[in-house]
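# Per-entry structural report
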Amino acid sequence: MKLYPRKSKKWRVTALLASVLSVSTVGLPIGPEQASADSLTAAHGQRIAAAYQGVYTSAPTGSNFSRTPNAPLLGNGDVGVAMVGNIDNMVMVLGKNEFWSLAEGQVKAMARLSVAVPSMNGAAYLAEQKLASAQVNGTFTLGSNIVRTESWMQATDTVNNLLLNKFTYTGSGSKAVAISLAKGNENSFASSTGSSGDVLYLDVRGDAAETISGYSTRKVRIATRVLGATGTVSGNTLNFTMTPGNTYTLATSIMSNVDSSAYQTAAINNVATQTQAGIDALKATHQEWWNSFYGKSFIEIPNKTVEKSFYASLYLMGSSSRAGEMAPGLWGNWLARNGEWKGDYHLNYNYEAPFYFTLPTNHIELAENYDKPVLDWIPKGQALASANGYSGVFYPVGLGPLPNGSSDGNIHGQKTNAAFAATNMIMRYYNTYDTAYASKVYPYLKEVAAFWQNYLVWDGTKYNIVNDAQHEGDPYPQTNGIMSLGLVRYLLQGSIDMSLILNQDAGLRTTWQNLLNNLSPFPTFTRNGQTVFRYTEVGRDWSGDNAIGIQHIYPAGQIGLSSSSALLQTSRNMVEQLGSWNDGNGTNTFYPAAARVGYNPSTILTRLTSFINGYSYPNLHIATNGGGIENFNTVPAAVSEMLLQSFQGKIRLFSNWPENTDAKYGDLRADGAYLVSSERRNNQVQYVRIISEKGRTAAIVNPWPGQTVRVYRNGADAGTMSGTELTVATSANETVHIAPNGTALSTITAMMNQALSGGGPIATGNLALNKPTVSSDTIGGAETKEKAVDGNAGTKWTSQPLSSSPGDKWLSVNLGSQASITRWVVKHAGSGGEAAAYNTKSFKLQKSNDGLNWTDVDTVTGNTAAVTDRIVAPFSASYVRLYITAPVQDNAGYYQVPGDRSNARIYELEIYSS
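Residues numbered from 1 in each chain as written. Predicted model: local features only at pLDDT ≥ 70, side-chain atom pairs only at ≥ 80, totals over all residues. Heavy atoms only, no water.

## Considering empty space enclosed by the protein
Condition: Using protein atoms alone on a 1 Å grid, points that fit a 1.4 Å probe yet trap it form a cavity, whereas open point sets bounded by protein on both sides within 12 Å along at least five of seven lines form a pocket; residues with an atom within 4 Å of a point count as lining. Grid points are joined across faces, edges and corners, and a volume is the space filled by probe spheres set on the points. Helix and strand assignments follow DSSP, with helices taken as H or I runs no shorter than four residues and strands as E runs no shorter than two, numbered in order from the N terminus. Classification convention: Asp, Glu, Lys, Arg as charged; Ala, Val, Leu, Ile, Met, Phe, Trp, Tyr, Cys, Pro as nonpolar; all other residues, Gly among them, as polar.
With the rule as written, the count across this model stands at five cavities of 30 Å³ or more. Its boundaries defined by the atoms lining it, the largest cavity holds a volume of some 60 Å³. Contributing to the lining of the largest cavity are Phe355, Thr358, Leu359, Ala367, Tyr370, Asp371, Asn424, Met425, Arg428 and Tyr437. The dominant element in the lining of the largest cavity, judged by the number of residues it contributes, is helix α9 (residues 417–432), at three residues. Across the lining of the largest cavity, the residue classes break down as six nonpolar, two polar and two charged.

## Overview of helix α13 (residues 565–578)
Worth spelling out the cut-off: Expected helix span is given by 1.5 Å per residue-to-residue step, counting one fewer step than there are residues. For every residue, the accessible area (1.4 Å probe, protein chains only) is compared with the maximum for its type, and the residue is labelled buried under 20%, exposed over 50%, or partly exposed between those bounds. Residues are treated as being in contact if the distance between any of their heavy atoms lies within 4.5 Å.
With 14 residues, α13 extends 20 Å from end C-alpha to end C-alpha; this agrees with the ideal 20 Å at 1.5 Å per step. Here α13 has its buried residues at Leu568, Thr570, Ser571, Asn573, Met574, Val575, Gln577 and Leu578. On the buried face of α13, the contacting elements are α11 (482–502), β26 (524–527), β27 (530–533) and α14 (587–596). Phi turns positive one or two residues past the end of α13, at Gly579, with a value near 55 degrees.

## Considerations on the sheet that holds strand β21 (residues 298–300)
Note the following rule: Here a strand pair is declared whenever DSSP counts at least two bridges between the two strands. Helix axes are fitted only over the stretch in contact, all axes being lines through C-alpha atoms; the angle between N-to-C directions runs from 0 to 180 degrees.
Taken in spatial order, the seven strands make up an open sheet running β21-β30-β31-β32-β37-β34-β35, and their pairing is antiparallel. Every interior strand has two partners, whereas the edge strands, β21 and β35 (716–721), have only one. Going from strand to strand, the sheet's axes swing by 20 degrees on average, the running direction of each strand aside. Judged from the eight bridges that link them, strand β31 (residues 674–681) and strand β32 (residues 684–692) form a sheet pairing that is antiparallel. Looking at the pairing, Arg681 lines up with Gln684 of β32. On the sheet, helix α17 (residues 745–753) packs against β30 (663–670), β31, β32, β34 (709–713) and β37 (734–740) and is oriented at approximately 95 degrees with respect to β32.

## Some remarks on helix α5 (residues 304–320)
For the record, the criterion: Throughout this description, a polar contact denotes any pair of N or O atoms lying within 3.5 Å of each other; where both atoms belong to protein, one of them has to be capable of donating a hydrogen while the other can accept it, and for residues adjacent in sequence the pair is counted only when both atoms sit in side chains.
For α5, built from 17 residues, the straight-helix expectation of 24 Å at 1.5 Å per residue is met to within 8% by its first-to-last C-alpha distance of 24 Å. By the criterion of burial, α5 is predominantly enclosed, with 14 of the 17 residues buried. By the N-cap criterion, in which a side-chain oxygen at the helix start approaches the backbone nitrogen of a residue two or three places on, α5 is capped by Asn303, the distance to Thr305 being 3.2 Å.

## Examining the pairing of strand β36 (residues 725–729)
The two faces of β36 differ: Leu726 and Val728 on one face are buried, but Glu725, Thr727 and Ala729 on the other face are not. Pairing of strand β33 (residues 697–701) with β36 involves five bridges; the strand directions are antiparallel. Across the sheet, Thr697 pairs through a bridge with Ala729, a residue of β36.

## Some words on the environment of Lys166
Along the polypeptide, Lys166 turns up in strand β11 (residues 162–170). Judged by relative accessible area, which is 5%, Lys166 ranks as buried. The spatial distance from the C-alpha of Lys166 to the C-alpha of Glu693 is 43 Å, given a sequence separation of 527 residues. Reaching out from Lys166, the side chain makes a polar contact with the side chain of Asp280 at a distance of 3.0 Å.

## A closer look at the pairing of strand β3 (residues 79–84)
Taking burial as the measure, the six residues of β3 include six buried ones, the bulk of the element. Neither face of β3 is open: one carries Val79, Val81 and Met83, the other Gly80, Ala82 and Val84, and all of them are buried. Bridge count for strand β2 (residues 73–75) against β3 is three bridges, and the pairing is antiparallel. Note on β3: the bridge partner recorded for Leu74 is Val81. Here β2 folds back onto β3 in antiparallel fashion, the turn holding three residues, of which Gly77 has a positive phi close to 90 degrees. Of the strand pairs in this sheet, β3 and strand β4 (residues 90–96) are connected by six bridges, and their pairing is antiparallel.

## A short note on the sheet that holds strand β13 (residues 192–196)
Reading across the sheet, the nine strands line up as β1-β8-β9-β10-β11-β20-β17-β14-β13 and stay open at both edges, with antiparallel pairing between neighbours. Each edge of the sheet is formed by a strand with only one pairing partner; in this case those strands are β1 (53–56) and β13. On average, each strand axis in the sheet is tilted by 15 degrees relative to the strand beside it, whichever way the strands run. Bridge analysis of strand β8 (residues 124–130) against strand β9 (residues 135–142) gives seven bridges, and the strand direction is antiparallel. Across the sheet, residue Ala127 finds its bridge partner in β9, namely Gly138.

## Focus on the confidence of the model for the protein chain
Our working rule: Every residue gets a pLDDT, meaning the predictor's confidence in that residue, from 0 to 100.
Confidence along the protein chain averages 92 in pLDDT terms, with 94% of residues attaining 70 or more. A low-confidence stretch, residues 1–36 (pLDDT under 50), is modelled with 105 contacts involving residues beyond four sequence positions or located in other chains. Confidence drops under pLDDT 50 across residues 895–899; counting only partners more than four residues distant or on other chains, this segment forms three contacts.

## A short note on the packing of α9 against helix α10 (residues 435–455)
The test is simple: Crossings are classed by handedness, with left-handed meaning an anticlockwise turn of the near helix from the far one by less than a right angle and right-handed meaning a clockwise turn.
Put simply, α9 and α10 touch, their axes get as near as 10 Å, and they point 145 degrees apart. Handedness of the crossing formed by α9 with α10: left-handed. Where α9 abuts α10, its residues Ala418, Ala419, Ala421, Ala422, Met425, Ile426, Arg428 and Tyr429 lie against Tyr437, Ala438, Val441, Tyr444, Leu445, Val448 and Trp452. Partitioned by chemical class, the residues of the contact of α9 with α10 number 14 nonpolar, no polar and one charged.

## Comments concerning the packing of helix α4 (residues 276–294) against α5
Here is the rule we go by: Roughly parallel refers to an angle under 35 degrees, roughly antiparallel to one over 145, roughly perpendicular to one between 65 and 115, and oblique to any angle outside these ranges.
Two elements in contact, α4 and α5, have axes separated by 11 Å at closest approach and are oriented at 130 degrees. By the angle class used here, α4 and α5 are oblique. The two elements α4 and α5 meet at a crossing, and its hand is right-handed. Contacts between α4 and α5 involve Trp290, Phe293 and Tyr294 from the first element and Tyr311, Leu314, Tyr315, Gly318 and Ser319 from the second.

## Describing the packing of aromatic side chains
To be explicit about the condition: When the centres of two rings from Phe, Tyr and Trp lie within 6.5 Å, Trp using its six-membered ring, the rings pair. Their planes under 30 degrees apart give stacked, over 60 give edge-to-face, and anything left gives tilted. Charges are assigned to positions over rings by a cutoff of 6 Å between ring centre and Lys NZ or Arg CZ, combined with an angular limit of 35 degrees from the ring normal.
Scanning the entire structure with this criterion turns up 41 aromatic pairs. When the ring of Phe522 is compared with that of Phe533, the centres are 6.0 Å apart and the planes differ by 80 degrees; the resulting orientation is edge-to-face. Separated by 11 residues along the polypeptide, Phe522 in the loop between α12 (506–518) and β26 and Phe533 in strand β27 bring together distant segments of the chain. By relative accessible area, which is 1% here, Phe533 ends up buried. Ring geometry for Trp581 and Phe590: centres 4.8 Å apart, planes at 85 degrees, overall edge-to-face. Taking the relative accessible area as the measure of exposure, Trp581 reaches 6% and is therefore buried. The lysine or arginine in question, Arg221, covers the ring of Tyr201, its NZ or CZ lying 3.9 Å from the ring centre. Cation over ring: Arg428 sits above Tyr437, and NZ or CZ is 4.1 Å from the ring centre.

## Remarks on the pattern of salt bridges
What counts is decided by this rule: Throughout this description, the term salt bridge denotes a Lys or Arg side-chain nitrogen within 4 Å of a carboxyl oxygen of Asp or Glu.
According to the stated counting rule, one finds 38 salt bridges in the structure shown. For Asp376, the salt bridge goes to Lys372, with nearest N and O atoms at 3.1 Å. Of this pair, Asp376 and Lys372 both sit in helix α7 (residues 371–376), four residues apart, which is roughly one turn of that helix. Classification of Lys372 as partly exposed rests on a relative accessible area of 31%. Asp856 serves as the salt-bridge partner of Lys844, at 3.2 Å between the closest nitrogen and oxygen. In this pair, Lys844 sits in strand β41 (residues 842–848) while Asp856 sits in strand β42 (residues 855–860), placing the two residues 12 residues apart along the sequence. Assessed through its relative accessible area of 41%, Asp856 is described here as partly exposed. Linked by salt bridges that have partners in common, Asp78, Lys96, Glu98 and Asp259 make up one network.

If you want it as structure tokens, here you go:
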């Protein structure tokens with residue numbers, strides 16, 4: 001019996017075996033169907049993400065981490081890679097979310113892939129973790145010898161799990177390379193290495209036994225092979241030699257017995273049958289996946305530190321979580337030894353936190369795997385409740401996969417763990433109004449509500465929560481804790497609303513509503529002259545080392561800008577007094593809570609900037625003492641709350657954004673199943689666009705008070721509206737634009753198309769980036785046509801030399817739609833470190849609307865520069881072509897064998913719009 005069987009994978013394993021175990025490039029399902037972000041949002045998201053990377057200028061050395069790693073990071077949502085050390089002895093720590101020890105009840109470190117080029121000892125080190133392409137590029141320089149690497153985890157395939165590492169060597173003499181495999185640190189279970197032809201492999205396991213309580217234990221095979229050279233296996237080492245001017249690819253497959261029952265054979269065949277052309281195709285689909293990922297939503301703000309961290313959080317979560325895969329634990333899929341706190345699912349906020357921000361950023365697919373371990377545990381929770389004399393379900397703090405879960409089964413005096421686990425489910429329902437999802441999670445909510453309807457104590461005037469610790473281990477009595485009161489309120493509210501839409505349990509709804517109406521209010525007291533929330537009515541009054549004191553605000557959603565002024569003031573006082581701006585436990589909920597209650601937004605951004613700068617590693621992962629991937633939530637959740645608030649039934653644009661600060665966003669998700677886009681410039685909201693998924697009625701707080709607004713529905717003028725609140729009835733999948741009266745729809749679209757910069761028309765990003773290409777010819781190998789538009793300054797398209805393929809050389813790009821173009825950039829051979837003699841001498845830019853008929857736009861003759869950057873009169877085109885009439889300088893020189901050196905060498909062609 002499999003632990004965490006994944007139905008979405010079964011057909012792919014069948015297809016895998018039917019095709020002689022060839023590597024699949026088809027992506028897994030990415031979750032429920034949703035309204036897709038449009039091309040405007042996609043262009044902005046991709047453009048902004050492309051600006052950011054994490055940079056290491058010295059080699060990270062810690063390769064035995066049990067918490068957040070300080071090293072370049074890769075991942076595909078299943079397998080994670082942390083790259084430690086210089087090129088003479090680089091260790092790639094490999095982790096997998098499902099690699100638990102079922103007996104030990106903890107996540108285990110899986111394996112290590114080592115790459116050693118001993119003769120490069122002492123090389124200068126540079127590693128760039130690029131967000132847009134989800135790869136790590138390395139440059140290792142020792143004198144005139146340079147090894148460049150390009151590494152990625154194939155995004156489109158979480159069954160065969162391919163890790164690809166390309167090596168390009170320039171210099172003198174050959175370089176011996178040794179590849180070895182080893183099991184993860186602190187794994188005492190048997191492992192074995194072997195080979196099949198030129199494939200080296202390692203088998204590791206998470207337990208000694210084959211099964212535990214009928215569940216198959218974890219077993220993994222890692223198989224690796226080199227392309228571009230003859231690899232030989234000796235013992236536990238795969239050896240090959242690099243020679244100057246050549247490129248090599250190390251292809252590694254990481255498969256478990258959950259991925260396929262034939263995982264051992266499949267892993268070997270995945271790399272044994274791989275070709276360079278196949279890898280190039282994989283790279284293209286990998287980039288397409290990440291383009292789509294960043295295209296789901298965007299934010300653009302002047303504070304680039306915060307903006308960068310926002311996109312970094314998306315990258316890191318996209319690398320560590322995926323639909324159809326087991327959910328990540330405390331440290332994600334990056335562990336070099338046994339993780340702290342078992343690396344498990346801690347339910348008193350840690351497990352839930354990284355999934356919260358996936359909702360407002362329109363990345364529900366990243367939370368698709370969240371529910372399974374919680375729902376699987378229902379029978380265990382029922383048994384634990386019964387054993388303690390309770391009803392419903394009762395969950396410990398630490399959770400894990402069946403059959404045994406986490407070995408940290410402590411209760412710590414807390415009763416709210418199951419209610420905390422429900423917060424993500426309730427948020428998702430309100431964000432999507434998905435009845436199928438409600439049907440899936442409602443039985444769990446009903447069980448948790450059953451616990452509380454029997455646990456609450458009536459004192460004659462109100463229902464009380466007794467003996468429920470706020471902090472782990474708080475001694476009883478602990479009565480009416482604010483965190484507990486918030487979580488139970490949210491649970492009852494969500495249970496009522498889901499039972500209503502599912503038309504189930506009308507009698508229970510009455511009971512739950514009575515509990516909700518009569519639940520004890522949040523306790524308060526005076527501290528430093530201000531009214532603040534008391535942690536409990538009886539018991540702990542305060543804490544200075546945790547953000548629990550605001551978790552009834554966020555994530556429990558009990559206070560926001562529609563709350564009473566008195567409640568809001570108490571909440572702001574709480575933020576001020578608590579001051580958990582850089583706490584090791586709970587900053588990920590503190591910042592969003594501060595935004596929700598309208599705390600000074602300038603202070604929030606200033607504090608957030610300081611927190612990012614003080615606690616981020618060069619890999620852009622925020623690292624604090626209390627937890628790991630929970631910190632992904634801090635920045636995107638806080639910024640989303642500042643830009644858009646909707647959880648109290650009203651859509652508030654720029655709900656808590658500083659004055660005199662522009663901002664722009666596209667397709668952020670709001671309660672009610674809406675995707676919302678807007679921009680604020682010069683303290684004025686310019687427009688709002690709402691895509692309605694479910695056809696509900698939207699209530700929008702009018703951002704233009706006292707003004708009449710113009711409404712457009714699906715592109716047609718629908719008249720005007722006015723009032724302090726705009727009530728907009730919608731149909732399913734309808735698009736509604738709203739702006740001050742007199743604003744044309746074309747003006748709204750033009751503003752949406754612009755980047756954010758001082759209110760003026762600004763050039764958008766590189767329109768050619770990762771777009772389809774056609775070329776006159778290609779020399780082959782790794783220097784293919786798409787490399788000229790991949791955004792990577794270290795890769796290139798190289799044509800055939802004139803001696804092999806006479807005639808002019810050209811490269812065309814399909815922009816995908818009509819664009820207005822004002823600038824073009826060509827990066828020639830010299831930009832990539834080659835001799836200036838190989839810079840393109842004469843060439844021109846051409847345009848076309850059909851890709852067949854071309855018109856000259858701009859011509860360059862006699863060029864010697866490494867980079868050409870040209871401004872042109874605006875023109876429109878759907879296709880552009882770089883047409884080369886002289887590919888090299890007159891003094892380029894020639895080889896007699898195999899031919900001349902008159903190849904076109906284009907490292908990048910960039911096209912920019914007005």
